[in-house]
Amino acid sequence: MRYLGNKNVLATNIIDEIRKRVPVESKVLDCFGGTGCVARELCDHFEDVSSCDINHYAYVLCYCRTRVPKDMNIDDSISRLNALPPVHGLITKLYSPEGGRKYFTTENAAKIDAMRKQIRDWDIDEDTRMLLLGNLIESVSKFSNIPGTYGAYNENWDPRALKPFILEKLIDNTRASMGETYRCDAKCIVDGDYDVIYMDPPYNQRNYATYYHVLETLSIYDEGVEIKDNKTEFK
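Notes on the structure follow. (Residues numbered from 1 in each chain as written. Predicted model: local features only at pLDDT ≥ 70, side-chain atom pairs only at ≥ 80, totals over all residues. Heavy atoms only, no water.)

Another point: the pairing of strand 1 (residues 27–30). Here strand 1 pairs with strand 2 (residues 48–53) via four bridges, running parallel. Within strand 2, the residue paired with K27 across the bridge is D48. In the classification by handedness, the crossover that spans strand 1, the intervening helix 2 (residues 37–43) and the parallel strand 2 is right-handed. Pairing between strand 1 and strand 4 (residues 196–198): three bridges, direction parallel. Paired with L29 across the two strands is I197, which belongs to strand 4. (Pairing = 2+ DSSP bridges. Helix = DSSP H or I, 4+ residues; strand = E, 2+ residues; numbered from the N terminus. Right-handed = clockwise from strand over helix to strand, strands pointing away.)

The tally for this structure, following the rule as stated, stands at twelve salt bridges. Between R65 and E138 there is a salt bridge; the shortest N-O distance is 2.8 Å. In this pair, R65 sits in helix 3 (residues 56–66) while E138 sits in helix 7 (residues 126–140), placing the two residues 73 residues apart along the sequence. Residue classification places R65 among the buried residues on the basis of a relative accessible area of 7%. Of the charged contacts, one joins R129 and E126 as a salt bridge, the two residues approaching to 3.7 Å between their closest N and O atoms. Of this pair, R129 and E126 both sit in helix 7, three residues apart, roughly one helical turn. Of the residues examined, E126 reaches a relative accessible area of 44% and is grouped as partly exposed. If you follow the salt bridges from partner to partner, you end up with E17, K20 and R21 in one network. (Salt bridge = Lys/Arg side-chain N within 4 Å of Asp/Glu carboxyl O. Buried < 20%, exposed > 50% of the residue type's maximum accessible area, 1.4 Å probe, protein only.)

If you want it as structure tokens, here you go:
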């Protein structure tokens, strides 16, 4: 997934530096979790890893990569979701040509709506629901008609956005950590009992909720959202 400030390439080096300084029993907090790539790597080397992000889509991705066991099998659920007929819902209404925008084709938006509604309504355990939602968020990024973030859509269709939408299992979850996953302002938890706090905040006044508002809408799926200046605003 393309993401501003993503540390996926650097994660191994970051963890190596932390391992030089503290033992495996240490309690570690990643307080700007983002896509969860650093927290995932931390779980491979430390027993107690927590993560935090203020955005709901990032909370979901961090949860999937630090709380869901690696042996969880969602292949059958993904096949069933891919077989669903399209449903015109929130994503179609807000982010397709039907709503005057071109983040997704109308056909793909309706497929995304069908899957998101089913994930919400299924009688399944929370780990499964979160893992399916996380993979939907990751998959959507591969079919988005955007230049890099969701701050704007392309006027002309990106060829990848014209392909029929398919839900894939893209999240490399590791193992369930002893820690927690939080959706909150990092200032609310940094005073906790942690041995290491890894902090990688935005380097300027950039508001990630603006650049990834489409993913936030998909993740929360609140019918009360509104569009203003081509950005999603929650009531």
